[in-house]
Amino acid sequence: MKVRTRVAPSPTGDPHVGTAYVALINYCFAKHHGGEFLLRIEDTDQVRSTRESESAILDSLHWLGLSWDEGPDIGGPHGPYRQSERSEIYRRYVQQLLDDGHAFKCFCTPARLEEMRVAQRASGQASRYDGLCLTYAPDEIARREAAGEPFVVRMKVPDDGVCAVQDERRGTIEIEWKSVDMQVLMKSDGLPTYHLANVVDDHLMEITHVMRGEEWVSSAPKHVLLYRYFGWEMPKLIHLPLLRNPDKSKLSKRKNPTGILFYQAMGYLPGALLNFLGLLANSVGEGHDEMMSLAQMVERFALEHIPLGGPVFDVAKLDWLNGRYLREGLDREAFIANVQAWAFAPERLARIAELAQPRIERMSDLGSLVAFFFAGRLPITAELLRGGKLDDLAMRQAFQLALWELDALREWKVAGIEIVLKQIADALGKKFRDVARPFYVAITGSPTSVPLYDSMELLGRDVVRERLRGALDVLGAPSKREQDEWKALGAQRAEAS
RNA sequence: GGCCCUAUCGUCUAGAGGCCUAGGACGCCGCCCUCUCACGGCGGUAACGCGGGUUCGACUCCCGCUGGGGCUACCA
């Protein structure tokens, strides 16, 4: 049987290096065995999923040099490849489970469920649906449904015994059924949850090997059970380690740049980033050069060399590799072409020109005026930040608030950025003019520069986040306690507006 | 709190009972090259978390502890 793997990102934010990591492993494994690799979009979360995010993810993976045999952009024989377009399929399978008595309708309110969980936790129990709606007679269920009560569909889960999950890399993982929750399979909006959609799609798309993040280990029994209920053959399971921050916690943008777009903006070469992820995905044997192409990674790929412990994303090593790509991997022409594409892409250059042209008297003024567009972290000093009217506390609060609110921004555009910064001034009870100054310093490196919002938009969310974090570090990163207090500032603002 | 995963230099890792006085890569330090810097070359620093077993022998197998991580949603 032909090996078929997939990567199934959820389009709920900026493209993440973790997605690329999982995609790379799935790609290498499939291609190493002469199989197929496909991409599926898991956008069943209507609230958080966006089309912008989806295309950003696809673009990023393409930029890295990854390609797929089937996917939402290119189609294929098992489509559609976007879960939001497969609702009818899931509805049918949910109905089948209902008919077979493997699932049931649940009318419990969020409040009741919350109360139940609090009680369970207090008594040292695993959090698990207590089965109330399982006790209703058919006519009771029909009555509630007819009355228009919202409901979800949950899967039935055995009360006793253990579920043996077979992981091709980790061996057998045993989890007691009583610690497995009666998972919601279909939300009250009629859309499936991950668990149902994932199992149905993997089966229909003939996936043979599911290689996914370690965070899914604990819900694997639910998937095993669903395959059993449907009478389908289980694909092989391989749980991949999670990439980590230097402090070993799960890689997060709060602590580290996690966006593929960030590495793009910083001038890393796609091959270098992909190569680096490959180093974390599959150890290179001694005597082999660590610098390798995708084809070489495919060639050398071995399941048993996937690490089990979560590797720290070590930017220093990425930097070294990228340096080699820059000086060994490119001839003079290619180097120039890359620099041109990175720094002087036509639209970007046009925007920068628009900002700079009115503000210069000699073309030689250009360098210092717009240099910050072509830099990573800026060498900001506390003295420079302190030149305005805000004291350290106010500046730190402003930066921290900005970090939070800017992350929550759906669209990274001038308009949204402006609103966020103005609201921060309000929340702090300061004049916007005074609040703006430290932002100019943090973002552009100078209190006087080209317009701030445009600069921020052009720089991109990830680079802005890094610079704000850098400025905050210079003044002193807020303590846990300060952060808790400051969160209220943001909340008050939200209520007021 | 409950359940699960995991554990070799600061970091990524090799190691599948004797080949280990534990190897490689990044980082760091030193030397060389050199108009500076970088590159490059050479050398150095640095690890088997702890305690019990099993065995003639354990970094390698088993158990416990500890550390780290994940999950615990009508998010994925």
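See the structure printed just above.
Quick look at the structure, then. Model, not experiment: these values are computed from the prediction.

Attention shifts here to the pairing of strand β6 (residues 171–176). Sheet topology places strand β5 (residues 162–167) next to β6; six bridges connect them, and they run antiparallel. Opposite D167, over in β6, you have G171 as the bridge partner. Hairpin remark: β5 followed by β6, antiparallel, with three residues in the connecting loop.

The local shell around RNA strand B holds 51 residues, among which D45, R170, K187, S188 and E290 are the closest. By atom count, sugar and phosphate contribute 76% of the portion of RNA strand B lying within 4 Å of the protein. Note that a phosphate oxygen of RNA strand B is positioned 3.1 Å from one of the backbone N or O atoms of V312. Residue K317 places a side-chain N or O atom 3.0 Å away from a sugar or linking oxygen belonging to RNA strand B. Counting only elements with at least two residues in the surface near RNA strand B, the list comes to α4 (110–122), β4 (152–155), β6, α9 (270–281) and α11 (315–328). At four residues, α11 tops the list of elements feeding residues into the surface near RNA strand B. When its residues are assigned to classes, the surface near RNA strand B shows 18 nonpolar, 14 polar and 19 charged.

Moving on: unusual backbone geometry. Phi is positive for E206, which is not a glycine, with a value near 55°. Relative to the assigned elements, E206 resides in the loop between α6 (194–204) and β8 (209–213). Even without glycine at this site, K248 takes up a positive phi of about 80°. Tracing the backbone through its elements, the reader meets K248 in the loop between β9 (236–240) and α8 (260–265).

Scoring rules and cut-offs
Residues numbered from 1 in each chain as written. Chains lettered and ligands numbered in written order. Predicted model: local features only at pLDDT ≥ 70, side-chain atom pairs only at ≥ 80, totals over all residues. Heavy atoms only, no water. Pairing = 2+ DSSP bridges. Helix = DSSP H or I, 4+ residues; strand = E, 2+ residues; numbered from the N terminus. Near = heavy atom within 4 Å. Polar contact = N/O pair within 3.5 Å; in protein donor to acceptor, adjacent residues only side chain to side chain. Nonpolar A, V, L, I, M, F, W, Y, C, P; charged D, E, K, R; others polar.

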